[in-house]
Amino acid sequence: MKAIRIHENGGPEVLRYEEVPIPAPGPAEALVKIQASGVNFIDIYFRQGLYKAALPITLGQEAAGVVEKVGAEIKDLAPGDRVAYAGTPGAYAQYAAVPAARLVKLPAGIDSRNAAAVMLQGMTAHYLATATFPLEPGHTALVHAAAGGVGLLLIQIAKMRGARVFGTVSTEEKAALARRAGADEVILYASQDFEAEVRRLTSGVGVDVVYDSVALTTWEKSLRSLRQRGMLVLYGNSSGPAPAIDPLRLSQQGSLFLTRPKLGDYVATRQELLQRAGEVLDWVAAGRLHVHIGETFPLQDAAQAQEALAGRRTAGKVLLIP
Ligand code: NDP
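Quick caveat: nothing in here was measured; it's all calculated off a predicted structure.

A. Broad picture of the sheet that holds strand S4 (residues 57-58). Sheet architecture is open: three strands sit in the order S2-S1-S4, paired in antiparallel fashion. Each edge of the open sheet is held by one strand with a lone partner, namely strand S2 (16-19) and S4. The pairing of strand S1 (residues 2-6) with S4 spans two bridges and is antiparallel. By the bridge assignment, Ile-6 is partnered in S4 with Ile-57.

B. Spatial organisation of the layout of surface pockets. Estimated volume of the largest pocket: approximately 1200 Å³. Here the element with the most residues in the lining of the largest pocket is helix H2 (residues 112-132); it accounts for five residues. Among the residues forming the lining of the largest pocket, the class breakdown is 24 nonpolar, 20 polar and six charged. Built from parts of two domains, the lining of the largest pocket gets at least three residues from each of domain 1 (2-119 + 267-321) and domain 2 (136-260).

C. Layout of H2. The first and last C-alpha atoms of H2 sit 28 Å apart over 21 residues, in line with the 30 Å expected at 1.5 Å per residue. The axis of H2 is deflected most strongly, by about 45 degrees, at Met-119. Burial of H2 is extensive: 17 of the 21 residues sit out of reach of the surface.

D. Expanded view of empty space enclosed by the protein. Applying the stated rule across the entire model yields one cavity of 30 Å³ or more. Size it by volume and the largest cavity reaches roughly 40 Å³. When residues of the lining of the largest cavity are traced back to their parent elements, those giving at least two are helix H1 (41-48) and S4. Considered class by class, the residues forming the lining of the largest cavity number four nonpolar, four polar and one charged.

What counts and how
- Residues numbered from 1 in each chain as written.
- Predicted model: local features only at pLDDT ≥ 70, side-chain atom pairs only at ≥ 80, totals over all residues.
- Heavy atoms only, no water.
- Pairing = 2+ DSSP bridges.
- Helix = DSSP H or I, 4+ residues; strand = E, 2+ residues; numbered from the N terminus.
- 1 Å grid on protein atoms, 1.4 Å probe; cavity = no way out; pocket = protein on both sides within 12 Å on 5 of 7 lines; lining within 4 Å.
- Points joined across faces, edges and corners; volume = space filled by probe spheres on them.
- Nonpolar A, V, L, I, M, F, W, Y, C, P; charged D, E, K, R; others polar.
- Domains from an automatic or database assignment.
- Expected span 1.5 Å × (residues − 1).
- Bend = angle between axes of the 7 residues up to and from the residue.
- Buried < 20%, exposed > 50% of the residue type's maximum accessible area, 1.4 Å probe, protein only.

This is the structure:
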């Protein structure tokens, strides 16, 4: 089968489109024939070496497809089942052997592309808005990179929960997408001072929560955009990781909360995975959550897909089709 692997860390040029054996599923695994793989920022961190993995490795953490074979211990899956998953390496490939405990069966009414598009970013938006800082009517939230893969989904879920939502984006085209997803206010943070805009839009009070995946270029103003006892949720490093922060600053700036969550800890048990993925997939199937697939690339063009994502040229989801 074909797969995109890296043998060393570096730029997009280290991605190699290679012929490798189809993986043999272990007793608790299923072999999935992949129909669509998600491209996520985490794939870039693994390529660069910001997140560590033993090399060589097949990149990719998210896919949807059809079960081809199951291991001896598997009782609740059979060849032909339509499934999706996130958080298991090896998705930039034609096949992957995936622990059955991480697979979710797809409901009718959602195809593989939409499923691959919401497993990682959709469950992330879900836990951010419902568990890390559970939004309620009356809350105001600031969502950075609002037209991104997570961003467009997070705006919609925040609106479902009744929050007032501000989004930041770099271009007018992205602003239109964020507004269409439901953002009440959109700030062009490349040309406008988002902290000043947040203060203006909240009559000086600040927002209850900032969902910040951009980090290096935004974290400081994010902290200053919060109301007293507000929460900064730093959940990515799209512009580079944030530096170490002195806890005293949290006290001086209004008894603030700071958290740095990751998806794995919010789908830690099988029950939590099924609940979170189930709710997201059902919303998509029912038309309550709109998935914006910005671009699809053939598997062999994974380097171009990653360059587009890292270069801020994408909106919504980026997929690879094997
Ligand atoms: P996005 O689609 O959001 O793409 C990243 C966006 O970040 C860009 O489109 C761009 O939007 C914005 N951005 C701002 N500055 C930069 C910069 N210097 N370089 C690149 N992009 C920049 O990606 P994803 O939806 O895949 O992921 C969003 C973030 O969420 C990532 O940081 C990722 O690591 C994180 N994440 C974290 C998870 C967790 O559980 N902790 C799980 C999933 C994702 P604009 O042009 O509008 O500025």
